[in-house]
Amino acid sequence: MPQETVTLRQEIFSLKHVDKGYHKGGEEDIQVLDDVNLTLHEGEIVGLLGRSGSGKSTLLRIIAGLIQASAGEVNYCGQPLNGPAEGVAMVFQTFALFPWLTVLQNVEAGLEALGVEPKERRRRALAAIDLIGLDGFENAYPRELSGGMRQRVGFARGLVVNPTLLLMDEPFSALDVLTAETLRTDLLDLWNQKQLPIKSILIVTHNIEEAVFMCDRIMVLSSNPGRVVAEIKVPFAHPRNRLDPVFRKMVDDIYALMTQRRSADTLHKVQLEIGSPLTEVSTNLMAGLMEALAAAPYNGRADLPEIGSKLLLEVDDLFPVTETLEHLGFVELRDGDIELTAAGKLFADYGTQERKVLFAEHLLRHIPLAARIRRVLQERPGQRAPRLRFEQELEDSLSDSAAEETLDTVISWGRYAEIFSYNDHTETFSMEDVEGAQ
Amino acid sequence: MTTVIRPFIPATAKRLLPNRWDLIAFPLILGFLLFATTGIQGTWAPISALQTEPISLDAANLPEYALRTTLRMLAAMIASIVFTLVYGTLAAKSRRAGQLLVPILDILQSVPVLGYISFTVTFFLALFPGRVLGAEFAAIFAIFTSQAWNMTFSFYQSLRTVPNDLKEVSQNLRLSGWQKFWKLEVPFSMPGMIWNMMMSMSGGWFFVVASEAITVGDKTVTLPGVGSYLAMAISNKDLTAVGWVILTMTVVIVIYDQFLFRPLVAWADKFRLEDTMSQAAPESWVLNLIQRTRIIQQLLRPFGKLLKKLARMRLNIALPQSIHTESHSSVSRGLDIAWGGFMVLLCGYVSWKLYSFISSEVGLGETLKVVGLGFITLVRVTLLIALASIVWVPLGVLIGLRPRLAEMIQPIAQFLAAFPANLLFPVFVVFIVHFKLNPDIWLSPLIVLGTQWYILFNVVAGASAFPNDFREAATNFHIKGWQWWKQVMLPGIFPYYITGAITASGGAWNASIVSEMVSWGDDKLAAHGLGAYIAQTTATGDFPKILLGICVMSLFVVLFNRLLWRPLYAIAENKLRLN
């Protein structure tokens, strides 16, 4: 059991009180990371688990030295980090392989930058290619390879420079389920057989199961701004069995934690405000989830991880839709479970037109921004208002892109509910065609 | 609890009232109409008016001249659009016509634009004897030849790449050919066509300036316009007037861009297929203005209705059958053979005619001499494109990697590419004359003066679009210096650079005709080269020699494209494409 001696191991990386904010046109900061503390020790795989907007990729890039923290201390092997450090290699979600270089040239590029002799370079690159299971593909171009093979090149490129720390930014999320699983187990095998030169791995993910499957320690981040809300030790020995009840229990607990956290921590239930960010969730997805919940075997109540895997919804899809439904008063979330409210059950039973009426009612009652747009339109003589008017209002509290997404979201919901119409060309809201809709 | 939904006041009555946007937009449009009518009236004047009313160097006349020039551009653009729609459709829809029309277009593209004018002036003057209109047509035709080809190519390619499912839908909906053309094919090709219109237009200013004042043998045509004003300023050695004309052109180009192209591009954005939508949507304040004004919207509505009605007609123009439904009966094969034979005969006949015309007047020696001059110009074009690349590629990359800077530089580079560089020639010539410099060397930079900007703005665009992940990977693996240029950045921008360099080199060949031979008052400077040869023979009206010069130049351009740019473009497309 190598995990038991973790506390005695040497410290590789440490972040203390790290903040990251972006300035927006001289105005207030948009806070991405807030007071993050994190230490990486030799011999462990650490997971950064969070949803989109939790700043986990930003955190990874701070560690990689690609961006600077706004405040706080970042130490690498006891020294303050200053720019991209030697011995920190990164694996990208998009692979980031240069399409004009062959597999071998891609792997060699990092060594060339370190000034390694051509002969030695070739030897090491070929060894890394062999290790990662790419022999035979040395002269292929990335575009000739499948996604899984490309990511293997990404790994080989990262490993060949003998890094101390390997950073992985959602390395498996662009791959299909089977390929991703093969790559995970291959990597874990190499790691557990001590065939890798690396001392520690930090992996960013939004996939709860993946984190429990791979990591020794999981840091759970909250969203907007990103904070570490929990640190979970995973005590299971490799190879881990996903169907093991203790494994399932831990996955369930993290689901509960990630949904519960929000109910305790953020303002929801208390009420959204006009400037609260909304996440784009399609009304079809909402309707589909409510229908699935209402039907057997759930009959109105379901375990979140279970319904998520049944409907093939990843956390990044599942959480926004469940939260939106909760805001709208169609479901309630408790202890990692999701339950339809009376209104939610009605919605699932209704036909198309009745659904729209019910949705419109809930939208105007629970989403203040929708109600505000409607009110402004009613008060104006021409019953028209430019998008800019609301965008500016939102930008007081949100970043530009968040304001845009929030407005786009409310537009698509408002169109479905037929509470206002919107012309994308003139960028104006109006009441045209609203009352006359059949 | 239910929310009470209040009844709404019908907004239709309110919409008829003018709003504040109308106040700005209305005068603009009325003013435009007024200027257009006064401009057109001038073209009906008898040709003697040109002699009695010589170009005046009074700067107060410049607005009117600028207007005449702009109208010529507009007329050429309309002609180009009509040509594009007809020619492109024929080439794409009929296999047999395509076999002939596509290569013809390819060659037409390679013929130097200013080469056409030597012939067309005579032709159009004869067509409208005694009227200014003939001369106008000649100038418009010259601009047309600089605009139409790439638009037609773009339209043809769009027609060939209409997605199959959309074609099937329109068949399923039983749209007639005419309806399908307006509902599917034209909208689908709109973004590409408008982009090419913009490129054409920026090239067009160069040629409009060159074609307004032209002498072919004993026929001298000076049409009132910016180009003639410049010619007059040059022969009078008036540098102040040159300054005025540069200023005028700057204003005209900015106005044209803001009032015509920005709105068009912003409007055409809605025709983009969804999956290609990635970058920020183009914006235009003029388009916003028009869309927000009530009265203008109301006035435009009847036109819109008429157009819609036209597009909705079932009109079945008897176009040849489209390719995939072509039957392969023996009759059809017989027709194919006959058609092929006809084309071979036609080709042979035309070549023979051309050969006999040239050989009757000029001998083998002259031909060899012209080919030699072609090589001199080739060296000049190649060297200067290379020089421009060495300067602008690194700078373009550095600019493109800084988004704020790129946003500022990009419109300037595009403006410089549109600005007719021939307006700046006098400044250089004065300099060369004053210091008695060697024209063979010092006239060379003029060749790329206007077209180098295509390299800059394409490289800037390429560097701006360079994926951030690649930059991060390079930084993470400590790739720096020459290795960074060689393995990361240069391959990344190569496809963009090639696009820019092809445009720049095409422009350089064209520019050689006006830049290898220049004058300032009585001082005439000529460099050795094919451009100067064509310019000199045009001035003396020696048609067989003009024809020979143009043939040789076209040949050089075609070979240059085939042997250098096409292979490079293929590499860029196949090996270096990012995605």
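Rules and cut-offs
- Residues numbered from 1 in each chain as written.
- Chains lettered and ligands numbered in written order.
- Predicted model: local features only at pLDDT ≥ 70, side-chain atom pairs only at ≥ 80, totals over all residues.
- Helix = DSSP H or I, 4+ residues; strand = E, 2+ residues; numbered from the N terminus.
- Buried ≥ 20, exposed ≤ 12 C-beta atoms within 10 Å, placed from the backbone.
- Contact = placed C-beta atoms within 7 Å.
- Rg over C-alpha atoms; globule rule 2.2 N^0.38 Å.
- Axes fitted to C-alpha atoms, helices over the stretch in contact; angles between N-to-C directions.
- Parallel < 35°, antiparallel > 145°, perpendicular 65-115°, else oblique.
- Left-handed = near helix turned anticlockwise from the far one by under 90°.
- Nonpolar A, V, L, I, M, F, W, Y, C, P; charged D, E, K, R; others polar.
- Pairing = 2+ DSSP bridges.
- Domains from an automatic or database assignment.
- UniProt positions renumbered as here; feature names shortened; annotations may be inferred.
- Expected span 1.5 Å × (residues − 1).
- Arc of directions from axis to C-beta.

A look at the overall build of chain B
- Assigned secondary structure in chain B consists of 24 helices and four strands.
- With 579 residues in all, chain B has 37% of them scored as buried.
- Long-range contacts, defined as pairs at least 24 residues apart, comprise 79% of the intrachain contacts of chain B with a sequence gap of at least 6.

Side note on the overall build of chain A
- If you tally the helices and strands in chain A, you get 15 helices and 16 strands.
- Scaling as 2.2 N^0.38, a compact globule of 438 residues should have a C-alpha radius of gyration of about 22 Å, and chain A matches this with 25 Å.
- Its C-alpha atoms put chain A at 75 × 50 × 45 Å along the principal axes.
- Burial analysis of chain A (438 residues in total) assigns 40% to the buried set.
- In chain A, of all internal contacts separated by at least 6 residues, the share reaching a separation of at least 24 is 70%.

Some details on unusual backbone geometry
All names here are of chain A.
- A cis amide bond, omega -10°, links His238 with the succeeding residue Pro239.
- Relative to the helices and strands, Pro239 resides in the loop between β10 (228-233) and α7 (245-265).
- Omega for the bond connecting Ala296 with Pro297 falls within 30 degrees of zero, at 5°, which places this linkage in the cis form.
- Along the chain, the position of Pro297 falls in the loop between α8 (283-294) and β11 (301-303).
- The backbone phi angle of Phe95 is positive, close to 75°, even though this residue is not glycine.

Focus: the packing of helix α3 (residues 118-131) of chain A against helix α4 (residues 147-160) of chain A
Residue and element names in this part refer to chain A.
- Between α3 and α4, the least distance of the axes is 9 Å, while the angle of their chain directions is 135°. The angle between α3 and α4 places the two elements in the oblique class. Crossing handedness for the pair α3 and α4: right-handed. Of α4, the residues touching α3 (which contributes Arg124, Ala125, Ala128 and Ile129) are Ala156, Leu159 and Val160.
- Class assignment for the residues of the contact of α3 with α4 results in six nonpolar, no polar and one charged.

Comments concerning the pairing of strand β1 (residues 11-22) of chain A
All names here are of chain A.
- With eight bridges joining them, β1 and strand β2 (residues 30-41) adopt antiparallel strand pairing. The residue of β2 that forms the bridge with Gly21 is Gln31.
- Sheet analysis places β1 next to strand β4 (residues 71-76), joined by five bridges and oriented antiparallel. Bridged to Ser14 within β4 is Asn75.

Brief notes about the domain arrangement of chain B
- We note that the domain assignment places domain 1 (57-270), domain 2 (283-314) and domain 3 (362-579) within chain B.
- Here domain 2 of chain B and domain 3 of chain B have C-alpha centroids that lie 40 Å from each other.

Observations concerning the domain arrangement of chain A
Residues and elements named next belong to chain A.
- Once the domains are mapped, chain A shows domain 1 (2-260) and domain 2 (269-438).
- Centre-to-centre separation of domain 1 and domain 2, based on C-alpha positions: 35 Å.
- Here the side of domain 1 that touches domain 2 gets five residues from one element, more than from any other, and that element is α7.
- Each residue belonging to the side of domain 1 that touches domain 2 can be placed in one class, and the counts come to five nonpolar, five polar and three charged.

Some points on the sheet that holds strand β13 (residues 337-340) of chain A
All names here are of chain A.
- Taken in spatial order, the three strands make up an open sheet running β11-β13-β12, and their pairing is antiparallel. Two strands lie at the open edges of the sheet, namely β11 and β12 (331-334), each paired on one side alone. Across the sheet, the mean angle from the axis of one strand to that of its neighbour is 20°, orientation sign disregarded.
- Summarising the sheet, β12 and β13 pair through four bridges and their orientation is antiparallel. Note on β13: the bridge partner recorded for Leu333 is Ile338.
- The strands touched by helix α10 (residues 315-327) are β12 and β13; relative to β12, the strand with the most contacts, the crossing angle is about 120°.

Here we look at the sheet that holds strand β7 (residues 165-169) of chain A
Residues and elements named next belong to chain A.
- Here we have six strands laid out as an open sheet, ordered β6-β7-β8-β3-β9-β10, and mixed in their pairing. Since the sheet does not close on itself, it has two edges, and those belong to β6 (88-91) and β10, each with one partner. For this sheet the average axis-to-axis angle between neighbouring strands, irrespective of direction, equals 15°.
- Here strand β9 (residues 217-221) runs beside β10; their pairing, made up of five bridges, is antiparallel. Bridge assignment links Leu221 to a residue of β10, and that residue is Val228.
- Docked against the sheet, helix α1 (residues 56-63) engages β3 (45-49), β7, β8 (200-205) and β9, running at close to 150° with respect to β8.

Things to note about the UniProt feature "domain: ABC transmembrane type-1" (unreviewed entry) in chain B
All names here are of chain B.
- As recorded in UniProt, the feature "domain: ABC transmembrane type-1" (unreviewed entry) lies at residues 66-257 and 378-564.
- What you have in residues 66-257 is 84% helix and 4% strand, and the ends, taken at the C-alpha atoms, are 15 Å apart.
- As a span, residues 378-564 carries 80% helix and 4% strand, and end to end its C-alpha atoms are 12 Å apart.

As for α8 of chain A
All names here are of chain A.
- Between its first and last C-alpha, α8 extends 16 Å over 12 residues, near the 16 Å set by a 1.5 Å rise per residue.
- Those residues of α8 that sit buried are Met286, Leu289, Met290 and Leu293. Down the axis of α8, the smallest arc covering the buried residues is 95°, so these residues share one side. In α8, the exposed positions angled more than 90 degrees off the buried face are occupied by Asn284 and Glu291.
- In this structure, the buried residues of α8 make contact with β11, α10, β13 and α11 (342-349).

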